[in-house]
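Listed below, chain by chain, are the residues.
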Amino acid sequence: MRLRNIPRAESVLNGCKEVVKNASDCRGRWQEVFGNSNPVHIEIGMGKGQFLLTLAEQNKEVNYIGIERYSSVLLRPVEKLQEIRTNPAMQQAYSNIRFLCMDARNITEVFAPGEIDRIYLNFSDPWPKARHAARRLTSREFLARYHEILGNMGAIEFKTDNRLLFNFSVSEVNTSTDFRLEGCTYDLHRDGRMNQGNIMTEYEEKFSSLGNPICKLIARREH
């Protein structure tokens, strides 16, 4: 899918202090960047940002980093945050959130071993052609990257409405020696345990309103 170029995107991102530039310089020192020793969670492919902004607002004791590859996509959550902060009472809110514009294939260059506690993957690109399987964010190639940056007993949470992608993802986790499948459901909103505390993304709201069941898995780092 060709993304629409938004001319103002680069200038808006450059002017936002929450967008971290030269992220590789922060490798191994993300808690220093946030100014605290709180755990660090990342979302790869954050879309419009509803999910991560809600998490950051509800869990001030956790640091959150949202990752998007394209500036035209990252622009949306950045402008959403800026809009929230037009309210004088919210100008100091969301001190626990940062954004990165980068290719997720390079995450081991940005995060040190064991530096991340949780990874969120929501409605990722399914890359349906078999020759593109390694590009899927739940492929064994990406699982190897996650294993490197996750701390002991760190976890991956993945949600999608794409059943084929979900089956592929379950299989990749089950054949991995680095992760174990801790939770799995093919109908999240009807699963009382897995749905507890669930925060819906924009895509999740859209697809579930159309009657599409939402799938979710949790994969725990084994060692």
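Provided above is the structure to which this section pertains.
Notes on the structure follow. In this text the structure is predicted, and so the values were computed from the model without any measurement. (Residues numbered from 1 in each chain as written. Predicted model: local features only at pLDDT ≥ 70, side-chain atom pairs only at ≥ 80, totals over all residues. Heavy atoms only, no water.)

Some thoughts on the nonpolar core
- Counting residues in hydrophobic clusters, the biggest one holds 36 residues, and the most contacted among them are W30, L100, F111, I119 and Y146.
- A per-element tally of this core places helix α7 (residues 163-174) first, with 5 residues.
- The next biggest cluster of nonpolar side chains, apart from the first, holds 24 residues, and it includes C16, L53, Y64 and V78. (Core = buried A, V, L, I, M, F, W, Y, C linked by side-chain atoms within 4.5 Å. Buried < 20%, exposed > 50% of the residue type's maximum accessible area, 1.4 Å probe, protein only. Helix = DSSP H or I, 4+ residues; strand = E, 2+ residues; numbered from the N terminus.)

A word on the sheet that holds strand β1 (residues 40-44)
- Taken together, 7 strands build an open sheet; the order of strands is β3-β2-β1-β4-β5-β7-β6 and the sheet is mixed. Where the open sheet ends on each side, the last strands, each with one partner, are β3 (97-101) and β6 (179-185). Going from strand to strand, the sheet's axes swing by 20° on average, the running direction of each strand aside.
- Pairing of β6 with strand β7 (residues 215-221) involves 6 bridges; the strand directions are antiparallel. Paired with G183 across the bridge in β7 is I218.
- Docked against the sheet, helix α4 (residues 71-84) engages β2 (63-68) and β3, running at close to 165° with respect to β3.
- Relative to β6, α7 is tilted by about 150°, and along the sheet it contacts β5 (150-160), β6 and β7. (Pairing = 2+ DSSP bridges. Axes fitted to C-alpha atoms, helices over the stretch in contact; angles between N-to-C directions. Contact = heavy atoms within 4.5 Å.)

So, the environment of R105
- Summarising the element assignment, R105 is placed in the loop between β3 and α5 (107-110).
- Judged by relative accessible area, R105 falls into the partly exposed class, the value being 41%.
- Note: C-alpha distance between R105 and R69 (36 residues apart in sequence) is 9.9 Å.
- Ignoring any residue separated from it by four or fewer positions in sequence, one finds R105 in contact with R69, F142 and R145.

Any functional reading would require information that these geometric values do not contain.
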